[in-house]
Amino acid sequence: MSERDDELHMRDSSKKKGETRGRKKKKKENQDEDEEQQRMKEEREQSECIVLHGIFKLGKKSHDVLLTRTRLTWTPVTPETPSGEVRVLQPGVVLLRDVFAVKVKQRRAVGQQSGGAVLGVALFCCRRRGRRLEEDTLHLHNASAEHTHLWFNTLKDLLRGFSQRPRYLKVFINPSSHKKEAVHIYREHVAPLFKMADVCTDITVTERKGHALSVMKECKLDEYDGVVCVGGDGSVAELCHALVLRAQLDADSPENPMKPVLPLGIIFTGSTDVVSCSVHGVRDPVTAALHIVLGHLQQVDMCSFWSQGQLVRFGFSALFGFGGQSLARAEKKRWMPSSRRREYALVKTLARLRPEDCQLSFLPIRESTRYLFDHQDQDQDPDSDEERSWTTIQGLYLSISIMSIPCLSPHVPRGLAPNTSLSNGSAALITVGNTSRSEFIKHLKRYSSSSDQFSFSFVETHTVSAVRICPRLLTEWSETESEEEEGESKSTPIIQSDGSTFPWNIDGELVEIASEVLVRVHPQLITLYGEEMDEAESTVSCSCI
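What you see is a predicted model; the values in this text were computed from it and never measured.

> Describe the packing of helix α8 (residues 322-331) against helix α9 (residues 338-351), with residues and values.
Interaxial distance between α8 and α9 falls to 8 Å at its minimum, and their mutual angle equals 125 degrees. Taken as axis vectors, α8 and α9 run oblique relative to one another. Viewed along their axes, α8 and α9 form a crossing whose handedness is right-handed. In this structure, α8 contributes Phe322, Gln325, Ser326, Arg329 and Ala330 to the contact, and α9 contributes Arg341, Ala345, Leu346, Lys348, Thr349 and Leu350. Within the contact of α8 with α9, the residues separate by chemical class into five nonpolar, three polar and three charged.

> Describe in detail the pattern of salt bridges, supporting the description with residues and values.
For the structure on display, the rule yields twelve salt bridges. Here Glu134 ties to Arg129 by a salt bridge, and the two come within 2.9 Å at their closest N and O atoms. A salt bridge links Lys442 to Glu439, with the shortest nitrogen-to-oxygen separation between them at 3.2 Å. Of this pair, Lys442 and Glu439 both sit in helix α11 (residues 437-445), three residues apart, which is roughly one turn of the helix. Under the relative-accessibility criterion, Lys442 is labelled partly exposed at 45%. Among the charged side chains, a network of salt bridges with common partners joins Arg127, Arg129, Glu134 and Asp136.

> So, unusual backbone geometry: which residues are in play, and what are the values?
One non-glycine residue with positive phi stands out, namely Asp252, at about 50 degrees. Within the secondary structure, Asp252 is located in the loop between α5 (233-251) and β11 (264-268). Take Asp252: its relative accessible area is 67%, and that puts it in the exposed class. Even without glycine at this site, Cys407 takes up a positive phi of about 60 degrees. Structurally, Cys407 is set in the loop between β16 (391-403) and β17 (427-433). Cys407 sits in the buried class, given a relative accessible area of 2%.

Parameters at a glance
- Residues numbered from 1 in each chain as written.
- Predicted model: local features only at pLDDT ≥ 70, side-chain atom pairs only at ≥ 80, totals over all residues.
- Heavy atoms only, no water.
- Axes fitted to C-alpha atoms, helices over the stretch in contact; angles between N-to-C directions.
- Helix = DSSP H or I, 4+ residues; strand = E, 2+ residues; numbered from the N terminus.
- Parallel < 35°, antiparallel > 145°, perpendicular 65-115°, else oblique.
- Left-handed = near helix turned anticlockwise from the far one by under 90°.
- Contact = heavy atoms within 4.5 Å.
- Nonpolar A, V, L, I, M, F, W, Y, C, P; charged D, E, K, R; others polar.
- Salt bridge = Lys/Arg side-chain N within 4 Å of Asp/Glu carboxyl O.
- Buried < 20%, exposed > 50% of the residue type's maximum accessible area, 1.4 Å probe, protein only.

Below you can see the structure in the form of structure tokens.
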């Protein structure tokens, strides 16, 4: 046999071996798939096995009630008709995953605190109305104490099987949030649901900014199943930052962000509630509380903000330029009501609208997919990526926004970043270049409607995993405004020309930073109680522009 024949024979043998290996691999994959389907089928059959079967009254009619590991169904007990036919009725169903409490119903005299004749079992569950969760009750009447307690104990055991549901929560309440309604909202709407679901709480009423952070650094987190924040955006940002910092301390990893062990629940009491709206879809304390007691968890991306190699904080969004300047002005008028202060700051900043000269660099998501979703890579410094992966531009900008969540609010029902989700591992970079005041106002107005706020030639959007913003020193403004502001002369900008600091709006909090800022996205860094929604159920309430 010639050398060429030997080579062809070897190639043919290798091809046959490859085909054989391929067939064996495919056969194994099919076997694994069949085994997985069989396992899932057995689990479904086991979960649907009848645990209890009994007769209860719902209203005035007797019902045949069946309980499995996943649901409770009831069908009216209907006698046969004279013709011998039996009417087939559609059964009622409640899923146990929607039941958060079960109690024994008893008849008690006025003033009687315990005991009493047994009446049956009450199931407290949540009912969905769009994005809202509402409390509902199913009453199962039966006068037999033995029968009732059997059902009660069985239902309690099944509900304990939902391991994600909290049993002990650390609660922080900011009493000065917005209209100072936080304590009232918690007592009236949240505490009763926690008590009904047998959730114990350890409450800290914060006394100052940074109080929650200091408590989180010292408390024993292994005692709790979750943390709850009752407050506005500032309180939420502080606790999210505290949870990640505490995880770093516990892991002895000061350089790399670590995922907190405990989830965070948010009960809104602020004026904008950006994170709460983005997670729950509605500004409703009952919805937020039910998400917590039912253990609905949502993985959420976060950003870290660095300056000169030092961590500034962790957060979800940052506004530079117009957003930072307007917040800086609003902070000088803290004595005003929040809505009036916000409108005042917007109008004043628009009147003194000036662009910022910046060098902007970013890592587009298309070139950093591995950096985003590989947990080992996500903790690396973006500077370690090849220089060609960074896109760098220089220009004048009226506004620069970086957001890892949609940033929904009552004033922006579609969100500042409507194309961003809570856990897609990226952030939206939105830049507004230098343009006229009238065009910029048109852009701002579109945030409050369904129109495309990005369909302007001076607006650019990018999906990124990291951003570096280096502001240039500003020259003194030549134009003056007709009315002096307290602490500002007619010819002095809000950002001084000596470049001492630049105002940033990070999660609604004013942060003064003197030099360039590096923003890094950390996929699914924190766990929040709730479910991701597309947009908030709200109407525009700000008419200042």
